[in-house]
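# Summary of the model geometry
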Amino acid sequence: MPISTPVTEILGIRIPVVQGGMQWVGLPVLVAAVSEAGGLGVLTALTQPNPDALRAAIRETRKLTSKPFGVNITLLPSINPPDYEGYARAAVEEGVRVFETAGNNPGPLIKYFKSQNCVVIHKCTTVRHAKSAQKLGVDILSIDGFECAGHPGEEDIGGLVLLARAAEELKIPYIASGGVADGRGLAAVLALGASGANMGTRFMCTVESPIHQNIKEKIVSAKETDTVHIFRSLRNTARVFKNKVATEVVAIEKRPGGAKFEDIRELVSGQRGKVVYESGDPDYGVWSAGVTVGLIHDIPTCKVLLDRMEREVENTVAGLGKVVVH
Ligand code: NAD
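The text that follows walks through the structure, step by step, so that each part is easy to find. Everything quoted here is computed from the prediction, not taken from an experiment.

## Here's the deal with the site of the ligand
The immediate surroundings of the ligand are formed by 19 residues, with G21, T74, P77, I79 and G270 found nearest. Starting from 760 Å² of accessible surface for the ligand in isolation, the protein chains cover 81%. Only β3 (69-75) and α12 (261-268) provide two or more residues apiece to the shell around the ligand. Of the residues that constitute the shell around the ligand, the class distribution is nine nonpolar, 10 polar and no charged.

## Focus: the sheet that holds strand β1 (residues 17-19)
One open sheet accounts for eight strands, arranged β1-β8-β7-β6-β5-β4-β3-β2; its pairing is parallel. Two strands lie at the open edges of the sheet, namely β1 and β2 (41-44), each paired on one side alone. On average, each strand axis in the sheet is tilted by 30° relative to the strand beside it, whichever way the strands run. The sheet contact formed by strand β7 (residues 174-177) and strand β8 (residues 197-199) spans two bridges and is parallel. Bridge pairing links S177 to N198 in β8. Here helix α6 (residues 127-136) sits on the sheet and contacts β5 (119-124) and β6 (140-144); the angle it forms with β6, its principal contact strand, is near 165°.

## Considering the pattern of salt bridges
Inspection of the entire model under this criterion finds 19 salt bridges. In this structure, K131 and E169 form a salt bridge, with 2.7 Å as the shortest nitrogen-oxygen distance. Separated by 38 residues along the polypeptide, K131 in helix α6 and E169 in helix α7 (residues 159-169) bring together distant segments of the chain. As a salt-bridge pair, R165 and E168 come within 2.7 Å of each other at their nearest N and O atoms. Taken as a pair, R165 and E168 lie in helix α7 at a separation of three residues, close to a single helical turn. Its relative accessible area of 32% is what places R165 among the partly exposed residues. Members of the salt-bridge network, linked through shared partners, are D52, R55, R59, E93 and E94.

## Remarks on the packing of aromatic side chains
Counting across every chain of the model gives five aromatic pairs. Centroid distance F231 to F261: 6.2 Å. Interplanar angle 55°. Geometry classified as tilted. Of the two residues, F231 is situated in the loop between β9 (227-230) and β10 (238-241) and F261 in helix α12; the sequence distance between them amounts to 30 residues. Classification of F231 as buried rests on a relative accessible area of 10%. Seen in terms of ring centroids, Y277 and W287 are 6.3 Å apart; in terms of plane orientation they differ by 70°. Their pairing is edge-to-face. Taken as a pair, Y277 in helix α13 (residues 270-279) and W287 in the loop between α13 and α14 (302-320) lie far apart in primary sequence, 10 residues in all.

## Details of a nonpolar patch on the surface
Residues V317, L320, V323 and V325 make up a contiguous nonpolar surface patch of about 420 Å² in total accessible area. Along the chain, V325 falls in the segment after α14. A residue is classified by how much of its surface remains accessible, and V325, at 74% relative accessible area, is exposed.

The rules behind these values
Residues numbered from 1 in each chain as written. Predicted model: local features only at pLDDT ≥ 70, side-chain atom pairs only at ≥ 80, totals over all residues. Heavy atoms only, no water. Near = heavy atom within 4 Å. Areas by Shrake-Rupley, 256 points an atom, 1.4 Å probe, with all protein chains shown as cover. Helix = DSSP H or I, 4+ residues; strand = E, 2+ residues; numbered from the N terminus. Nonpolar A, V, L, I, M, F, W, Y, C, P; charged D, E, K, R; others polar. Pairing = 2+ DSSP bridges. Axes fitted to C-alpha atoms, helices over the stretch in contact; angles between N-to-C directions. Contact = heavy atoms within 4.5 Å. Salt bridge = Lys/Arg side-chain N within 4 Å of Asp/Glu carboxyl O. Buried < 20%, exposed > 50% of the residue type's maximum accessible area, 1.4 Å probe, protein only. Phe/Tyr/Trp six-rings, centres within 6.5 Å; stacked < 30°, edge-to-face > 60°. Patch = residues over 30% accessible without salt bridge, like charges linked within 9 Å, V, L, I, M, F, W, Y side chains within 5 Å.

As structure tokens, this is what we get:
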């Protein structure tokens, strides 16, 4: 039975699951596989070295799927500040119609995409920011709870309360980001008022995910306690896999007097994280992972994963009627 929600209607997809923007992971092969499986695949713009390379990635994705897919642009502190506008213009000119925006000061980018009649999914970590984005005219919000990989904001509100608060305050549809890796999680966020889910870590661990097999296996063997926050002291908190480098970064941040970004720059650079995915050495650099690592026990294709989630949602909802209160 298809799960039809405002998000499946707006995006023209079969199952209300959006693949989150993931640095070094949101590449054409994975994006096309998610879209072909009935979700929304999302290319990560900043994974491409420049706007022209993003154009090529969009064309490559189109060769692999005729279904809708999106492009993510994340605005966060960066070692080499990217040409955000250039990436945005390139994707619009290539005919992309769905964008996921995230990070700081997204207003100008959202206005640009809306002026081009695009659908904008804006990811944010507080109800306050969600309401501002709603005012700017975004179509869908992606509400990122404490469980998420990458940047959860600084307020530490778990998904259970954050999503229910979103239901109280928002007028437009929203998806849940962080904490969802199976159909039980998808059913739960639908129950809280969301119209779907955003999944990142779960998609890292699929057959089509373009990262080294060792890292996928590392995720499968990980527990929910195997992630850690770095950059807490810099107010740019990021949840990453708890490996040697991340542990070292946290120790530097806790030194008396604290740390400046320069003290950890070499350890945390995205270029080192990229090598983790290419070489399969999980300790080479920091790499994003959500607490859902504790829920991931296999490496399915995207199609097997999304078909299974659809059945799990049905079974979960059917099972609710059988709850007995003693
Ligand atoms: P990078 O090598 O530029 O930086 C590595 C990490 O350090 C990033 O998390 C970044 O936010 C942080 N950082 C950089 N300068 C900082 C500063 N002055 N103060 C505090 N923190 C700082 O990052 P990258 O891996 O090449 O990624 C480029 C951009 O994409 C960054 O803004 C990053 O946050 C963002 N990103 C996007 C996604 C996504 O899914 N779209 C995922 C991860 C990172």
